[in-house]
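This is what each chain is made of:
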Amino acid sequence: MTVKEPTPRASEMESERIENRKVVEQRIKRPGIVTKKMLIMSSMICGGIAFLLWAVLGFPQKSKNPVIFNNKTCSEDAIICPQSWNQINNNCFFQSEREKTWMDGQTKCTAHSGSLAIFNSKNEVESLMPYLGPSCYWIGLKMDSKSKLWIWTNGDVFSNWFSIDGSGECACMFQKGISSGNCSDARKYTCSRKGFCP
């Protein structure tokens, strides 16, 4: 005689299916220890790579002179200027199309690692003039209110090797010479910065 095993009831089978489903859902919702370790390791590797790139490329640049200029000298023919800047000797010059006050122009030039134009020779002044339009462009000369001396934006005293017309406190240049005006007037401006070696 064969003994039949009792068949599980439908409700028992249903509760077993529900338990199996819960186990599977828990495994999906909570990653295992191996998965957590992989996430932590990949995050650490990505963070390490990001830090190395930051260290090698030097971002953000906090110094006044970019690393590009350090300990590199090259001939005038090898000097490189940023796009849309004109090279004169070892310096680069940029002429704005927009008008700013003298101080706002200086701020814009500083953002491009330069200053309102500082000239080292009469040749630089005369070489830049043909690039200028009919406007008078702010340059990096401002009259000190106490001493009444013209001072370059780098702090050097102007040695009067060209004449400055007008009675303003801030200097500007145009195709035919150097003039001055009220520093709060909106004018185009010209920036200068050192060229760099490739």
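Relevant structure appears above.
Fair warning: this is a prediction, and the values are worked out from it, not measured in the lab. Each chain carries its own residue numbering, running from 1 in the written order of its sequence. In keeping with the predicted nature of the model, local features appear solely for residues at pLDDT of at least 70, side-chain atom pairs appear and are counted solely at 80 or more, and the whole-chain, interface and lining totals rest on all residues. Side-chain measures were taken over the full set of non-hydrogen atoms in the model, leaving aside hydrogen atoms and water.

A.B. asks: Please provide a residue-by-residue account of the sheet that holds strand 5 (residues 150–152), values included.
C.D. replies: In this scheme, strands are said to pair when DSSP sees at least two bridges between them. Comment: elements are numbered from the N terminus, with helices defined as DSSP H or I runs of at least four residues and strands as E runs of at least two. Taken in spatial order, the four strands make up an open sheet running 5-4-6-7, and their pairing is antiparallel. The sheet terminates laterally at strand 5 and strand 7 (177–181), the two strands that pair on one side only. Between one strand and the next, the sheet's axes are offset by a mean angle of 45 degrees, whatever the strand orientation. Here three bridges tie strand 4 (residues 137–143) to strand 5, and the two strands are oriented antiparallel to one another. Fitted lines through C-alpha atoms give the axes, limited to the stretch in contact for helices. The angle between two N-to-C directions lies from 0 to 180 degrees.

A.B. asks: Explain the state of the cysteines to me, and be specific about the residues and the numbers.
C.D. replies: The rule for a disulfide is simple: a pair of cysteine sulfur atoms within 2.5 Å. For the structure shown, the criterion picks out four disulfides. Across the disulfide from C81 sits C92; the S-S distance is 2.0 Å. Looking along the S-S bond of the C81-C92 disulfide, the torsion reads about -85 degrees, which is the left-handed sense. Placement of the pair is C81 in the loop between helix 2 (33–57) and strand 1 (86–88) and C92 in strand 2 (residues 91–95), with a sequence separation of eleven residues. Each of the two residues, C81 as well as C92, counts as buried. Here C136 engages in a disulfide with C172; their sulfurs sit 2.1 Å apart. A torsion of 90 degrees about the S-S bond marks the disulfide between C136 and C172 as right-handed. Residue C136 is located in the loop between helix 4 (122–128) and strand 4, and its partner C172 is located in strand 6 (residues 170–174); the two are separated by 36 residues in the primary sequence. Side by side, C136 and C172 carry an identical accessibility label, which is buried. Categorising residues by exposure relies on relative accessible area from a 1.4 Å probe, with only protein chains included: less than 20% of the type maximum marks a residue as buried, more than 50% marks it as exposed, and the intermediate range marks it as partly exposed.

A.B. asks: Lay out the pattern of salt bridges with the relevant residues and their values.
C.D. replies: For this document, the term salt bridge refers to a Lys or Arg side-chain nitrogen within 4 Å of an Asp or Glu carboxyl oxygen. For the structure shown, the criterion picks out three salt bridges. The shortest N-O distance in the salt bridge between K122 and E126 comes to 4.0 Å. Placement of the pair is K122 and E126 together in helix 4, with a separation of four residues, close to one helical turn. Using a relative accessible area of 44% as the deciding quantity, one classes E126 as partly exposed. For the salt bridge of D185 with R187, the shortest nitrogen-to-oxygen distance reads 4.0 Å.

A.B. asks: Now, about the side chain of K188: what can you tell me, with residues and values included?
C.D. replies: Mapped onto the elements of the fold, K188 is located in the loop between strand 7 and strand 8 (190–194). A residue is classified by how much of its surface remains accessible, and K188, at 16% relative accessible area, is buried. Any two residues whose heavy atoms approach within 4.5 Å at even a single point are treated as in contact. Ignoring sequence-local partners within four residues, the contact set of K188 consists of S96, E97, R98, E99, S135, C136, Y137 and W138.

A.B. asks: How would you summarise the packing of aromatic side chains if you had to cite specific residues and measurements?
C.D. replies: The rule is short: rings of Phe, Tyr and Trp, with Trp giving its six-membered ring, pair when the centres are within 6.5 Å, and they are stacked under 30 degrees, edge-to-face over 60, tilted in between. This model, assessed by the stated rule, comprises seven aromatic pairs. Ring centres of F158 and W161 lie 6.2 Å apart, and the angle between their planes is 55 degrees; this geometry places the pair in the tilted category. Given the relative accessible area of 5%, F158 is considered buried. Measuring from ring centre to ring centre gives 4.8 Å for W161 and F162, while their planes differ by 85 degrees; the resulting arrangement is edge-to-face. What makes W161 partly exposed here is its relative accessible area of 27%. Following the ring pairs from residue to residue traces out a cluster consisting of F93, F119, W152, F158, W161 and F162.

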